[in-house]
There are 2 protein chains.
Amino acid sequence: MDIKQKVGKKIKELRELNNQSQKDLAYSCDLDRSYIASVENGKRNISIVNLEKISIALNVPLSQIFINETKP
Amino acid sequence: MDIKQKVGKKIKELRELNNQSQKDLAYSCDLDRSYIASVENGKRNISIVNLEKISIALNVPLSQIFINETKP
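Residues numbered from 1 in each chain as written. Chains lettered and ligands numbered in written order. Predicted model: local features only at pLDDT ≥ 70, side-chain atom pairs only at ≥ 80, totals over all residues. Heavy atoms only, no water.

Chain A is annotated in an unreviewed UniProt entry as Helix-turn-helix domain-containing protein of Mucilaginibacter angelicae.

Examining the interface of chain B and chain A
Many structure descriptions define interface size as the accessible area lost when the parts assemble. Taken residue by residue, the interface counts 16 residues in chain B and 16 residues in chain A. Summed over the three residues of chain B that lose the most area to chain A, namely B:Ile3, B:Ile48 and B:Phe66, the buried surface amounts to 44% of that side. Taken together, the links from chain B to chain A amount to 0 salt bridges. Where chain B touches chain A, the interface holds 8 residue pairs in polar contact (both at pLDDT 80 or more). Taken together, the elements giving at least two residues each to the side of chain B that touches chain A come down to helix H1 (3-17), helix H4 (48-58) and helix H5 (62-65) of chain B. Of the residues in the side of chain B that touches chain A, the class split is 9 nonpolar, 3 polar and 4 charged. (Contact = heavy atoms within 4.5 Å. Buried area = accessible area lost by both parts, 1.4 Å probe. Salt bridge = Lys/Arg side-chain N within 4 Å of Asp/Glu carboxyl O. Polar contact = N/O pair within 3.5 Å; in protein donor to acceptor, adjacent residues only side chain to side chain. Helix = DSSP H or I, 4+ residues; strand = E, 2+ residues; numbered from the N terminus. Nonpolar A, V, L, I, M, F, W, Y, C, P; charged D, E, K, R; others polar.)

Examining the side chain of B:Ser55
Secondary-structure assignment places B:Ser55 in helix H4. With residues up to four places along the chain from it excluded, the contact list for B:Ser55 reads B:Val60, B:Pro61, B:Leu62 and B:Ile65.

A closer look at the UniProt feature "domain: HTH cro/C1-type" (unreviewed entry) in chain A
Under the UniProt annotation, "domain: HTH cro/C1-type" (unreviewed entry) lies at residues 11-65 of chain A. With 67% helix and 0% strand, the stretch residues 11-65 of chain A has end C-alpha atoms that lie 7 Å from each other. (UniProt positions renumbered as here; feature names shortened; annotations may be inferred.)

Digging into H1(B)
The terminal C-alpha atoms of H1(B), which comprises 15 residues, lie 21 Å apart, in line with the 21 Å expected from a rise of 1.5 Å per residue. Structurally, H1(B) contributes buried residues whose contacts are with helix H4 (48-58) and helix H5 (62-65) of chain A together with helix H2 (22-28), helix H3 (33-40), H4 and H5 of chain B. Two or three places before B:Lys4, at the start of H1(B), stands the capping residue B:Asp2, its side-chain oxygen 3.0 Å from that residue's backbone nitrogen. Looking at the residues trailing H1(B), positive phi occurs at B:Asn19, about 55°. (Expected span 1.5 Å × (residues − 1).)

Some details on the confidence of the model for chain A
For chain A, per-residue confidence averages 93 on the pLDDT scale, and 94% of positions sit at 70 or higher. Highest mean pLDDT in chain A belongs to helix H3 (residues 33-40) of chain A (98); lowest belongs to H5(A) (94). (pLDDT = per-residue confidence, 0-100.)

Focus on the relation of the copies chain B and chain A
It takes a turn of 180° to lay chain B on chain A, together with a shift of 0.0 Å along the axis; the resulting RMSD is 0.0 Å. Those values place the two copies in the arrangement expected of a two-fold rotation axis. Looking at the interface residues of chain B, 100% of them are also at the interface in chain A, so both copies use one shared face. (Least-squares fit on C-alpha atoms with pLDDT ≥ 70 in both.)

A closer look at the pattern of salt bridges
Between side chains of opposite charge, pairing is possible as soon as their charged atoms come close. All names here are of chain A. Evaluation of the coordinates by the stated rule reveals 4 salt bridges over all chains. Salt-bridge contacts for Glu 13 lead to Lys 9; the nearest nitrogen and oxygen are separated by 3.4 Å. One end of the pair is Glu 13 and the other is Lys 9, both in helix H1 (residues 3-17) and 4 residues apart, which spans about a single turn. For Lys 9, a relative accessible area of 45% gives the class partly exposed. Measuring nitrogen to oxygen at the nearest pair gives 2.6 Å for the salt bridge that ties Glu 40 to Arg 15. Note that Glu 40 is positioned in helix H3 and Arg 15 in helix H1, a separation of 25 residues in sequence. (Buried < 20%, exposed > 50% of the residue type's maximum accessible area, 1.4 Å probe, protein only.)

Below, the structure written as structure tokens:
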């Protein structure tokens, strides 16, 4: 799994933990739903500015997106 | 300070902790020295693929680049 896929998987996990749909997340970080979908599918070499928008909308520190385990 | 500046500052801190020059870091992550300089100056909206290259060359986990304090 490359970094794009890892980050996408993690964002999806965190979004689902928040019971947010892709549409909810896209709306709250002012990004397109299809963009969120492509990030979660590991298709995007996302930049830190957009990553920060997503971390704010997920209400997690940016570092959390790069930490592997979320299971409590 | 925006996210580009925070990440740049952190990369510089970690590079200096490793006693690496920008040239050393650029060489070991196969990126241009001027690119490293612009990242450290907060001028680059760096992507996760390049960020991963830099974290590997700095020998730190990617999450470390987003954690604020490095003082032991």
